[in-house]
Amino acid sequence: MISGKEALLEAMEISPAVAAFCQKQEASVRAKFDEIDEICEYNQWKVLDAFQKERVSDQHFETTSGYGYTDLGRDTLERVFARVFHTEDALVRPQIISGTHALAVAAFGLLRPGDEIVFAAGTPYDTMQGVVGIRPEKGNLTEFGVTYKIVPLGENGLPDIEALKKTIGPKTRVVEIQRSKGYDYRKTLSPREIGEIIRAAKEVKPDVIAFVDNCYGEFVQKIEPTDVGADIAVGSLIKNAGGGLAPIGGYIVGKKDLVELCAIRLTSPGLGKEAGATLGVTKSFYQGLFFAPTVTAAAVKTAVFAAAVFKALGYNVLPEPDEERCDIVEAITLNSEQAILSFCRGVQFAAPVDSFVTPIPWDMPGYGCPIIMAAGSFNSGASIELSADAPITPPYNVFFQGGLTYGHGKYGVMRAVQEMVKDRVLSIPE
Ligand SMILES: *Cc1c(COP(=O)(O)O)cnc(C)c1O
């Protein structure tokens, strides 16, 4: 029988040296964990309040099939989301297959031929580049007569607000602000910073639509982009907002007329939000949203712990352990391909599912170079679950996120360190 933490960890392949080193770093971020717990509590109450105000009851967990007209559970869930995000309306559907799809639905829903979309925070996320036509995928927005402009980040790595103001012109209908970093080594934007960008954009053109890619950002802070002027915000339910329980889906929240345009694009003109069966997933959406603040907090703690450990090992990390958190992602510059492979192998070996699998880089659809992804998740590809991905290109940044529970996230970090030690890409300081 194994007794004691060290013995159990050793039986799980973590050496006493790695365990002791990591444990020591955790002590340095305890105050940060208290802050995360405080935000979590607030967001839990915010979600609970929305459930109560909408009188959620077990009849809302029933399912519909076929056209899915009059789906009470779906319609009530959308009102719950609208309350949580303080918006007029919401579209929350299993027919939205991913975050990219939610972004595409919103972009195609809002833009018309002759319109322009301006990206306020540099080049958008890889898959979004294909949607817009920055990378020429078939069926992209430019084929429909929509043009785009990208405002490069300023020298400080933050959005260049003066350049944005000069870029917005009479054709600009949408200003897109991507909150999270994607595969860029840049600061994630806080809702406060997003609010400043929106204010500047509306100064130049009051009727411009402020559109926020909120992927990975939900519930990390007490306010959301929709609290600071975003007209529409979009995210994935297999990231934060699904709480690890939603098996699929995306959400679009915002102004009523804009959400309607997105719904029309998702279903069809004349149908909009009225149709769309929920096929038994509704309860997991409700329960996932209920858990989302807690699960997000576990993921944020995991990211902070990873930052502390890898900074102490001498790596560049973004954000720093004590910096303000605006999403669940930790970027770590690992400096070599081998280090990336070892790190990702460790994250995979730490998983509850597919822990015996070795991840290898591949040419994933929608991305510009080979990508390695480590994820042993209950829902395929769900990156609210502990996962790491890295484009195989210098300076070899790995993007590490998720963790349904902190205990798992912490073990994942230790296992990643352990694999790197085993492969001699790092050694634990004395
Ligand atoms: C994950 C992500 C997306 C795309 O979401 P998928 O569900 O992977 O399609 C878009 N933007 C950002 C910033 C993301 O992090």
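Residues numbered from 1 in each chain as written. Predicted model: local features only at pLDDT ≥ 70, side-chain atom pairs only at ≥ 80, totals over all residues. Heavy atoms only, no water.

K.L.:
I tried to follow the overall build of the protein chain on my own but got confused; where do I start?
P.N.:
Across its full length, the protein chain carries 12 helices and 12 strands. For 430 residues, the compact-globule estimate of 2.2 N^0.38 gives 22 Å, and the C-alpha radius of gyration of the protein chain, at 21 Å, lies within 12% of that figure. Here the C-alpha coordinates of the protein chain stretch approximately 65 × 50 × 40 Å along the principal axes. Looking at the protein chain residue by residue over its 430 residues, the buried ones come to 59%. Sequence-distant contacts in the protein chain: of pairs separated by 6 or more residues, those separated by 24 or more amount to 70%. (Helix = DSSP H or I, 4+ residues; strand = E, 2+ residues; numbered from the N terminus. Rg over C-alpha atoms; globule rule 2.2 N^0.38 Å. Buried < 20%, exposed > 50% of the residue type's maximum accessible area, 1.4 Å probe, protein only. Contact = heavy atoms within 4.5 Å.)

K.L.:
For this particular structure, what's the right way to read the pattern of salt bridges?
P.N.:
When the charged atoms of two side chains lie near each other, side chains of opposite charge can form a pair. The final tally for this structure, using the stated rule, is 30 salt bridges. Residue glutamate 26 pairs with arginine 30 through a salt bridge whose shortest N-O separation is 3.0 Å. Residue classification places glutamate 26 among the buried residues on the basis of a relative accessible area of 4%. Between glutamate 224 and arginine 179 there is a salt bridge, with the nearest N and O atoms lying 3.5 Å from each other. (Salt bridge = Lys/Arg side-chain N within 4 Å of Asp/Glu carboxyl O.)

K.L.:
So what exactly am I meant to see when it comes to the side chain of aspartate 89 here?
P.N.:
Summarising the element assignment, aspartate 89 is placed in strand E1 (residues 89-93). Side chain to side chain, aspartate 89 and lysine 273 meet in a polar contact 2.6 Å long. Aspartate 89 has contacts with Ala82, Ile252, Val253, Gly254, Lys256, Val259 and Lys273, leaving out every residue within four places of it along the chain. (Polar contact = N/O pair within 3.5 Å; in protein donor to acceptor, adjacent residues only side chain to side chain.)

K.L.:
Got a minute to help me understand a nonpolar patch on the surface in this structure?
P.N.:
Together, Trp45, Leu48, Leu245, Phe290 and Phe291 make up an exposed nonpolar region whose accessible area comes to about 460 Å². Of all the secondary structure elements, the ones that give two or more residues to the nonpolar patch are helix H3 (30-53) and helix H10 (282-312). Topologically, phenylalanine 291 is positioned in helix H10. Here phenylalanine 291 falls in the partly exposed class, since its relative accessible area comes to 36%. (Patch = residues over 30% accessible without salt bridge, like charges linked within 9 Å, V, L, I, M, F, W, Y side chains within 5 Å. Areas by Shrake-Rupley, 256 points an atom, 1.4 Å probe, with all protein chains shown as cover.)

K.L.:
In this structure, what is going on with the nonpolar core? I would like to understand it.
P.N.:
Buried together is how nonpolar side chains tend to be arranged in soluble globular proteins. Counting residues in hydrophobic clusters, the biggest one holds 92 residues, and the most contacted among them are Ile252, Phe310, Leu334 and Phe343. Of the residues forming this core, the biggest block, 11 residues, is contributed by H10. Two domains each put at least three residues into this core: domain 1 (5-43 + 290-422) and domain 2 (65-278). Once you skip the residues sitting within four places of it in the chain, phenylalanine 310 turns out to touch Tyr315, Val317, Ile332, Leu334, Phe343, Val413, Val417 and Met420. (Core = buried A, V, L, I, M, F, W, Y, C linked by side-chain atoms within 4.5 Å. Domains from an automatic or database assignment.)

K.L.:
I tried to follow the site of the ligand on my own but got confused; where do I start?
P.N.:
Every residue near the ligand is listed here: Ser98, Gly99, Thr100, Leu103, Tyr125, Gln178, Ser180, Asp213, Cys215, Tyr216, Ser236 and Lys239. In the environment of the ligand, an oxygen atom lies 3.0 Å from a nitrogen or oxygen atom belonging to the side chain of lysine 239. Ranked by residues supplied to the shell around the ligand, first place goes to helix H5 (residues 99-110) with three residues. When the residues that make up the shell around the ligand are grouped by side-chain class, the tally is four nonpolar, six polar and two charged. (Near = heavy atom within 4 Å. Nonpolar A, V, L, I, M, F, W, Y, C, P; charged D, E, K, R; others polar.)

K.L.:
Help me out: how do you make sense of the side chain of lysine 239 in this one?
P.N.:
Summarising the element assignment, lysine 239 is placed in the loop between strand E6 (232-236) and strand E7 (250-254). The buried charged residue lysine 239 lacks any salt bridge partner; its closest oppositely charged side chain belongs to aspartate 213, at an N-O distance of 6.6 Å. Once residues lying within four places of it in the same chain are set aside, the contact partners of lysine 239 are Cys215, Tyr216, Ser383 and Ile384. (Lys, Arg positive; Asp, Glu negative; His and termini not counted.)

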